[in-house]
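Okay, here's what each chain looks like letter by letter:
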Amino acid sequence: MNKGTVLFSDNAFLELNTFLENRKNTISKIFILTDTNTFKFCLPPFLEKMPNLSEYELIEIEPGEENKNIETIIGIWDTLTDLGADRKSLLLNLGGGVLTDMGGFVASTFKRGMDFINIPTTLLSMVDASTGGKTGIDLGMLKNQIGVFSLPEMVLVSSEFLSTLEARQLRSGLAEMLKHGLIADKKHWDNLKNMEDLDITDLDTLIKQSVQVKINVVTQDPTEKGLRKILNFGHTIGHAVETFYMNTDKMLFHGEAIAIGMIAEAHLSTLETGLDLNDAIDIKNTILEYFPKTKIDRKDFDAILDLMKHDKKNISGVVNFSLLDNIGSCKFDCKANTNDIENALEFYMA
Ligand code: GLY
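Residues numbered from 1 in each chain as written. Predicted model: local features only at pLDDT ≥ 70, side-chain atom pairs only at ≥ 80, totals over all residues. Heavy atoms only, no water.

A.B. asks: Would you explain the pattern of salt bridges in this entry?
C.D. replies: Should their charged atoms come close, side chains of opposite charge can pair. Inspection of the entire model under this criterion finds 22 salt bridges. Between Lys-49 and Asp-10 there is a salt bridge, and its shortest N-O distance comes to 3.1 Å. Pair noted here: Lys-49 is in the loop between helix H3 (43–48) and strand S3 (57–61) and Asp-10 is in helix H1 (residues 9–22), with a separation of 39 residues, a long-range link. Because the salt bridges share partners, they merge into one network encompassing Lys-3, Arg-23, Asp-115 and Glu-153. (Salt bridge = Lys/Arg side-chain N within 4 Å of Asp/Glu carboxyl O. Helix = DSSP H or I, 4+ residues; strand = E, 2+ residues; numbered from the N terminus.)

A.B. asks: Teacher, can you tell me more about helix H4 (residues 70–82) here?
C.D. replies: Working note: α-helix, 3.6 residues per turn, so residues spaced by three or four point in the same direction. Taking 1.5 Å as the rise per residue, H4 with 13 residues should run 18 Å; its terminal C-alpha atoms sit 18 Å apart, in good agreement. Within H4, burial applies to Thr-72, Ile-73, Ile-76 and Leu-80. Mapping the buried residues of H4 onto a view down its axis gives an arc of 100°, with all of them on the same face. H4 presents Glu-71 and Asp-82 as exposed residues on the side facing more than 90 degrees away from its buried surface. (Expected span 1.5 Å × (residues − 1). Buried < 20%, exposed > 50% of the residue type's maximum accessible area, 1.4 Å probe, protein only. Arc of directions from axis to C-beta.)

A.B. asks: In this structure, what is going on with the site of the ligand? I would like to understand it.
C.D. replies: The full set of residues close to the ligand is Asp-128, Lys-134, Lys-214, Glu-224, Arg-228 and Leu-231. A distance of 3.0 Å separates a nitrogen atom of the ligand from a polar side-chain atom of Asp-128. At 2.6 Å from an oxygen atom of the ligand is found a side-chain nitrogen or oxygen belonging to Lys-214. Class assignment of the residues belonging to the shell around the ligand gives a composition of 1 nonpolar, no polar and 5 charged. (Near = heavy atom within 4 Å. Polar contact = N/O pair within 3.5 Å; in protein donor to acceptor, adjacent residues only side chain to side chain. Nonpolar A, V, L, I, M, F, W, Y, C, P; charged D, E, K, R; others polar.)

A.B. asks: I tried to follow the nonpolar core on my own but got confused; where do I start?
C.D. replies: Side chains that are nonpolar tend, in soluble globular proteins, to be buried together. Formed by 88 residues in total, the largest nonpolar core has its most connected members in Phe-46, Ile-207, Ile-237 and Phe-321. The element that contributes the greatest number of residues to this core is helix H11 (residues 254–272), accounting for 9 residues. Excluding residues that lie within four positions of it along the chain, Phe-321 makes contacts with Thr-236, Ile-237, Glu-265, Leu-268, Met-308, Lys-331, Phe-332, Asp-333, Cys-334, Ala-336 and Ile-341. Core analysis: the next-biggest nonpolar cluster, separate from the first, contains 18 residues, Ile-59, Ile-61, Leu-80 and Val-106 among them. (Core = buried A, V, L, I, M, F, W, Y, C linked by side-chain atoms within 4.5 Å. Contact = heavy atoms within 4.5 Å.)

A.B. asks: Would you mind going over the packing of aromatic side chains with me for this structure?
C.D. replies: Aromatic rings in a pair are described by how distant their centres are and how their planes are angled relative to each other. A complete count under the given rule lists 4 aromatic pairs for this structure. Ring geometry for Phe-13 versus Phe-46: centroids 6.1 Å apart, planes at 55°, classification tilted. Taken together, the positions of Phe-13 in helix H1 and Phe-46 in helix H3 put the pair 33 residues apart, joining distant regions of the chain. When the centroid spacing of 6.4 Å and the interplanar angle of 40° are considered together, the rings of Trp-77 and Phe-105 count as tilted. Here Trp-77 is found in helix H4, whereas its partner Phe-105 is found in helix H5 (residues 97–109), with 28 residues between them in sequence. The class of Trp-77 is partly exposed, set by a relative accessible area of 23%. Put simply, the rings of Phe-13, Phe-46 and Phe-161 touch in pairs and so form one group of aromatic residues. (Phe/Tyr/Trp six-rings, centres within 6.5 Å; stacked < 30°, edge-to-face > 60°.)

A.B. asks: Can you walk me through unusual backbone geometry in this structure?
C.D. replies: With the exception of glycine, the majority of residues adopt a negative phi angle, and the majority of peptide bonds are in the trans configuration. The phi dihedral of Asn-247 is positive, around 60°, even though this residue is not glycine. On the secondary structure map, Asn-247 appears in the loop between helix H10 (235–245) and H11. The class for Asn-247 is exposed, based on a relative accessible area of 56%. Of note in the backbone geometry, Asp-333 takes a positive phi value of approximately 60° without being a glycine. Relative to the helices and strands, Asp-333 is located in strand S10 (residues 329–334). Here Asp-333 falls in the partly exposed class, since its relative accessible area comes to 34%.

A.B. asks: What is the right way to look at helix H13 (residues 301–308) in this model?
C.D. replies: Considered for burial, the residues of H13 that qualify are Phe-301, Ile-304, Leu-305 and Met-308. Across the axial projection of H13, the buried residues extend over an arc of 100°, all falling on one side. Where H13 is buried, its residues meet H10, strand S9 (321–326) and helix H14 (338–349).

A.B. asks: Would you explain the pairing of S10 in this entry?
C.D. replies: Sheet analysis places S9 next to S10, joined by 4 bridges and oriented antiparallel. Paired with Leu-324 across the strands is Cys-330, a residue of S10. The turn linking S9 back onto S10 is made up of 2 residues, and Gly-328 within it adopts a positive phi angle of 100°. (Pairing = 2+ DSSP bridges.)

A.B. asks: Before we go on, may I ask you to explain the environment of Phe-13 in this structure?
C.D. replies: Exposure remark for Phe-13: the relative accessible area of 3% places this residue in the buried category. Each C-alpha atom, one on Phe-13 and one on Ile-119, is 9.8 Å from the other, the two residues being 106 residues apart in sequence. Contacts of Phe-13, omitting those with residues within four sequence positions, involve Phe-46, Lys-49, Met-50, Leu-156, Ser-158 and Phe-161.

In structure tokens, the structure reads:
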């Protein structure tokens, strides 16, 4: 099996059981990384499916983006050291995007690298964060500034865990699925658009379609030299908005911020890459059906624009966008001037 392979549903757990059986003489110790939520809600059903996982050490961290920092990482490195982890150990990351990003980073750097497996428990991490090898942490307020590309041995996607999520968190993952349709798969966009409600019993096929878009992109460009940048559609403005409202009473989930970013960047796409204005309006109306509008004060535009200057995609200080030329097709390395970015935010607000 290739590193980074994504496996679905019960087959995923069967494969992990087989993997553990085949490697029982070479893996020195198994660690499971959870946060306090996944420890309670996801660990018991996971262990039930894992008869070959009888001996392991548990490491539990606090959930939430506010803990995605170097202090948490040092805590995990220290615990691994105390518990006798070495290069032949295996880390199982059971959690959402924050946890799998951090667990991947810990595993990739501990003693210069041990194997890890991602078991995403949120929709967002199933369709995006757990796949493709991006790992890392935030630096102060700036998201994902420190990290490495490093593929997990495998990713296990089981929609069973989604029943543990509150509705707002489930919806957050939908934003990345909509993005996948917009950048590379019009049929997927249409399927999502025609969905009656966000009901987890119907999500399996849609999750697979989304993961397939992500895999197609990252296998062509694993370290984001070019094509992979299309996965950042909606993220230049979205990340800035997310950072701006972090630690305020208008704090946004990642997908909620990306929903705003996608609407604004759809408008920017009409100005820079020739997206039809009717398509931008369709994108706005569809996204707003799921994500109620956040009121962004015009006096905050400058601060939000300022945050875009720290975006990781920028080169030599020039803000970089990935923009649509059609629904289902995306260009990367696009530029936009301040005026157009402000107009894009106005389009969202109108
Ligand atoms: N989340 C975007 C990427 O993995 O490249």
